[in-house]
Amino acid sequence: MLERDLALDGMALHASTKSALLVDVVSDGSAFDEAAADVRALVRDPARVPRDLERDTEVVTANLVDADSVPAAMRDVDLVVHCAALTTNNVPWSLHEETNIRGTRTVLGAARDQGATRLVHVSSVVVYGLDAPSNRPLAESTPLPTGVDRWAFYQRSKLEAERALTNGAAAAGPDVVVVRPGIIYGPGAEGPLKRGLVQLGSTRLTIGRGANHLPLTYVDNVVDGILLALVSPAAAGQAYNLVDEPQPQIRTAARRAAAVVGEPTRLFPVSPTALGRIARFLEHRRELAQADSPPRLSRFQIASATRDVLYDVGKARRELGWVSAVSLDEGLQRTFAVSGGSPALGAR
C-alpha cells in the first residue's frame, strides 16, 4: 500500500513501459516499488520530504502553478495523476482559484504538450453538494450542481477544476479519468477524526447528534483506486466514487477511534440551527466588508458537518475492481499508531 505525507506537491512515476506524474500525491513510494517502478517527486519544499521518499525517488522542486516547472517535471511521462488542491475552506477565493482551477489547467496543458496518454484527476465527493436528493446513494451519473453557496470555496473550486478538464480535453490530449474520494484520513492526517468543535476532557462538542454518515476513505484505499484508474482501459473518460464501505455514522467513527487510543469519549451535540444563526451573522459582516475570505464559521461548514449523504461505489467495483481493502478499524489502528494523537471529530 502507498503511505502518504501531505507535505508533497507532486510525484512522478517511471516504469519500464510506462511513466507517470502524480501531482500532490503523498507517498513513501512502496506501492510503486511493488510495481517495479521508479518514482520522481515534485515538491515545493524539499525540506519536508520524508527520508524514505527522498531515498527511493528523484525529488524535483517546483510549484504546481508555475507554468514552466510543471512541464519540465512531466517530461517523458506517460501517465499523470493530479492530486494537488487546497482543501481548507478558510482561505481567500483567489488562492482556491490559483491552485485548484488554474493549477488543474496547468497540469492538463503540460500533460497534453508532453504527450502523456492518461490523466487521473483526484476530485472529491463534495462536488455533488451536501444534500441527498433521494434515499439512494449518489452515483457518478448524478447531475452536478450549477450553483453553490457563496462561501463554499472548496466545493466551487473542485467543480470548476472538473469543468476545466472537460472543457480543456482535446482529441490529441490524454484520456482523462476523475476519481472522487471521500474525506481522506491516515497516518499524519486524521481528517475528520482530528478535531471537534470544542474538547473538554472526555466530552466533545459536535455539530448535531452525529447520526449522519461520514464518507471516509483511508489513504491506501485511495491510492489503490488511483493506480487502477491509471491502467484500466475502461476508465478513460469516466468518473469514479472512492468511499470506504460501510460508511459509518459520525458517532460510530468517533467512538471506534476513541477505543483505538484507549480514551473514553462522550459526544455532546450542539444545535446546528443555533450555530446557523451565528454563521448567518458572521457571513453578513463579511459581505458588508466585501471580504474575499469566509468567516470562521459559515453555513457551508455547518452543512458539511451535518450532511447525511451516502455514495455509490458500485461503478468502481465493477469497472476498476476496486475495493476498500483497509477497513475502518484497521485504518484507525494505522492512523493513531503513527500519530499517537487523540481522536476528535471535525468536518472537511
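Just so it is clear, the structure is predicted and the values come from calculations on it, not from any experiment.

## Description of unusual backbone geometry
Cis peptide bonds are those with omega within 30 degrees of zero, and the linkage from E245 to P246 qualifies with -5 degrees. Inspection of the secondary structure assignment puts P246 in the loop between strand 12 (239-242) and helix 7 (250-261). Phi is positive for D76, which is not a glycine, with a value near 65 degrees. With respect to the secondary-structure elements, D76 resides in the loop between helix 3 (69-73) and strand 5 (79-82). With relative accessibility at 61%, the residue D76 sits in the exposed group. Backbone geometry at Q290 places phi at a positive 50 degrees, although glycine is not the residue there. Of note, Q290 is situated in the loop between helix 8 (272-288) and helix 9 (299-306). Here Q290 falls in the exposed class, since its relative accessible area comes to 71%.

## Quick look at the pattern of salt bridges
Enumeration according to the criterion identifies nine salt bridges in this entry. With its nearest N and O atoms 3.9 Å apart, the salt bridge here joins E287 to R150. Residue E287 is located in helix 8, and its partner R150 is located in the loop between strand 6 (118-122) and helix 5 (153-168); the two are separated by 137 residues in the primary sequence. On the accessibility criterion, R150 (44% relative accessible area) is partly exposed.

## Quick notes on the confidence of the model for the protein chain
Per-chain confidence: the protein chain averages 81 in pLDDT, with 81% of residues scoring 70 or above. Predicted confidence is poor over residues 24-36, with pLDDT under 50, and the contacts of this stretch with residues over four places away or in other chains come to 53 contacts. Scored below 50 in pLDDT, residues 342-348 makes 38 contacts in the model with residues more than four places away or belonging to other chains.

## A short note on the environment of N167
Looking at the secondary structure, you find N167 in helix 5. On the basis of relative accessibility, which here comes to 66%, the residue N167 falls in the exposed class. In the structure, N167 is positioned 62 residues away from R105 in sequence and 9.9 Å away in space, judged by C-alpha atoms.

## Things to note about the packing of helix 8 against helix 9
Contact geometry of helix 8 with helix 9 gives a least axis separation of 8 Å together with a crossing angle of 155 degrees. Judged by the inter-axis angle, helix 8 sits roughly antiparallel to helix 9. Residues P272, L275, G276, A279, R280 and E283 of helix 8 pack against R299, F300, I302 and T306 of helix 9.

Rules used in this analysis
- Residues numbered from 1 in each chain as written.
- Predicted model: local features only at pLDDT ≥ 70, side-chain atom pairs only at ≥ 80, totals over all residues.
- Heavy atoms only, no water.
- Helix = DSSP H or I, 4+ residues; strand = E, 2+ residues; numbered from the N terminus.
- Buried < 20%, exposed > 50% of the residue type's maximum accessible area, 1.4 Å probe, protein only.
- Salt bridge = Lys/Arg side-chain N within 4 Å of Asp/Glu carboxyl O.
- pLDDT = per-residue confidence, 0-100.
- Contact = heavy atoms within 4.5 Å.
- Axes fitted to C-alpha atoms, helices over the stretch in contact; angles between N-to-C directions.
- Parallel < 35°, antiparallel > 145°, perpendicular 65-115°, else oblique.

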